[in-house]
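Survey of secondary and tertiary structure
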Amino acid sequence: MAIKFLVVDDSLTMRRIVVNALKAIGYESCIEAADGKEAFGKLQSEGADFVISDWNMPEMNGLELVKTIRSSSAFSDTPVLMVTTRGNKDDVIEAMQARVNNYIVKPFTPQALKEKLDQVLKSTSLVK
Amino acid sequence: MNNSDLLVEIIEKPVTHGVGMNHLLKVLKDIMPMMDEIKNTVENTSSNIPKASQQLSTVSQATENATMEILDVVDDMGQRIEKVEKGLKIIETDLVQKGVLVQRLAQSIDSFGDEQKKLIAVFHKDLMQLAEQPFKSEMIGGLCQELADVRGLSMNIAMSLQVQDITSQQIEGVRHMIESVRTQLANAVGRFDGKELEQPLIDTTKAFDSDAKYSKDESRQDDADSIIAQFTNNH
């Protein structure tokens, strides 16, 4: 099964880096959004199996996006990986309380991304 | 004693000091031009702040454009490497097939009669050499490994470009600080003229983490991982 990723970041650079890193580890199917609001819209209109989101974004930030996804009946189980510059303990706790599946602190390596994806995929029904 | 010291003394001890109203007015008269000068300086300085902020925004945009160009090159490199890798695989397969054919030919020559052997004696030696020559798959394997390493290096270049996102967040943080200073200065000056207080002009189209930093130090990820592990164990 080809996993479809939704990559959410207000930085065009970061979206491109994440998409490239996903392709390098074998995941070709990706759609993108520049903020949480656009992301949730795309999730509803185009669908995605896995969300990789930044935290600091205009309109709707990553944490609000996670809460919106978790409170939606259609997407509440969609895995979400947070990829952010925010590495403080309180931030990680807040994100985990909002029920992100895993957390990466920028800057990250492709190995770190693969490791976290594998961990999340193992714990969900999605299998590469 | 300077004017400000004298003013403080008049305020604190207006009676005992014995300084009259005239003296106070004289001090204020001396201070007013200074205050006007400060006001003008602050106004002039403040008027440059939006331009400085705009220039910082231009820096962010320029680095993003340059980063996109670098990513284009890295992508192009990756695609070319992929083509070369595929080409080498085809050559490798082709060489294996030809090697097998040469060996079969060399073996079949051994069964030829003397006359036939004489006819192909010139080629026989070359064929035997080709058949005995170890196939250079190790060399092709080595080239493929080199290409894989180059691909890894180009990926590292791409990953290092995360610095663009991080520095643009830092720049955005500075722009917010500058705007805050500008607003405070504008409000300080506005009090002289009885103007209404200004609110900071915040760009709501940009979000940032003022503590963002570009560091290869893995301790922050390790700390995050241990918190995640605790959550995973407890839930």
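Use the structure listed above.
Heads up: these notes are all about the structure in this document. (Residues numbered from 1 in each chain as written. Chains lettered and ligands numbered in written order. Predicted model: local features only at pLDDT ≥ 70, side-chain atom pairs only at ≥ 80, totals over all residues. Heavy atoms only, no water.)

Considerations on a negative patch on the surface
A cluster of like negative charges, contributed by Asp 217, Glu 218, Asp 222 and Asp 223 of chain B, occupies part of the molecular surface. Residue position: Glu 218 of chain B is located in the loop between α6 (162-193) and α7 (219-234). (Patch = residues over 30% accessible without salt bridge, like charges linked within 9 Å, V, L, I, M, F, W, Y side chains within 5 Å. Areas by Shrake-Rupley, 256 points an atom, 1.4 Å probe, with all protein chains shown as cover. Salt bridge = Lys/Arg side-chain N within 4 Å of Asp/Glu carboxyl O. Lys, Arg positive; Asp, Glu negative; His and termini not counted. Charge placed at Lys NZ, Arg CZ, Asp CG, Glu CD. Helix = DSSP H or I, 4+ residues; strand = E, 2+ residues; numbered from the N terminus.)

Concerning the sheet that holds strand β3 (residues 50-53) of chain A
All names here are of chain A. Strands sit in the order β2-β1-β3-β4-β5 across an open sheet of five strands; the sheet is parallel. Looking along the sheet, the strands with just one partner apiece sit at the ends: β2 (30-33) and β5 (102-105). Neighbour-to-neighbour, the strand axes of the sheet open up by a mean angle of 20°, direction not taken into account. Relative to β2, strand β1 (residues 5-8) runs parallel, the two being bridged by four bridges. Bridging from a neighbouring strand, Leu 6 pairs with Ile 31 of β2. (Pairing = 2+ DSSP bridges. Axes fitted to C-alpha atoms, helices over the stretch in contact; angles between N-to-C directions.)

Quick word on the environment of Phe 75 of chain A
All names here are of chain A. Tracing the backbone shows Phe 75 in the loop between α3 (62-71) and β4 (80-84). Note on Phe 75: relative accessible area 16%, which makes it buried. Counting along the chain gives 26 residues from Phe 75 to Asp 49, while the straight-line C-alpha distance between them is 9.1 Å. Apart from the residues within four sequence positions on either side, Phe 75 is in contact with Phe 40, Leu 43, Gln 44, Ile 69 and Arg 70. (Buried < 20%, exposed > 50% of the residue type's maximum accessible area, 1.4 Å probe, protein only. Contact = heavy atoms within 4.5 Å.)

Description of the interface of chain B and chain A
Taken together, the contacts link 33 residues of chain B with 32 residues of chain A. Two residues, Asp 225 of chain B and Lys 116 of chain A, come together in a salt bridge whose shortest N-O distance is 2.6 Å. One can count 14 residue pairs in polar contact (both at pLDDT 80 or more) joining chain B with chain A. When contributions to the side of chain B that touches chain A are tallied by element, the ones reaching two or more residues are α2 (21-110), α5 (137-160), α6 and α7 of chain B. (Polar contact = N/O pair within 3.5 Å; in protein donor to acceptor, adjacent residues only side chain to side chain.)

Quick notes on the pairing of β1 of chain A
Residues and elements named next belong to chain A. Residues Phe 5 and Val 7 point to one face of β1 and Leu 6 and Val 8 to the other, with burial holding for every one of them. For the segment spanning β1, helix α1 (residues 12-24) and β2, crossover handedness is right-handed. Pairing geometry for β1 and β3, over four bridges, is parallel. Directly across from Phe 5, in β3, lies its bridge partner Phe 50. (Right-handed = clockwise from strand over helix to strand, strands pointing away.)

Spatial relationships are all this shows, so hold off on functional conclusions.
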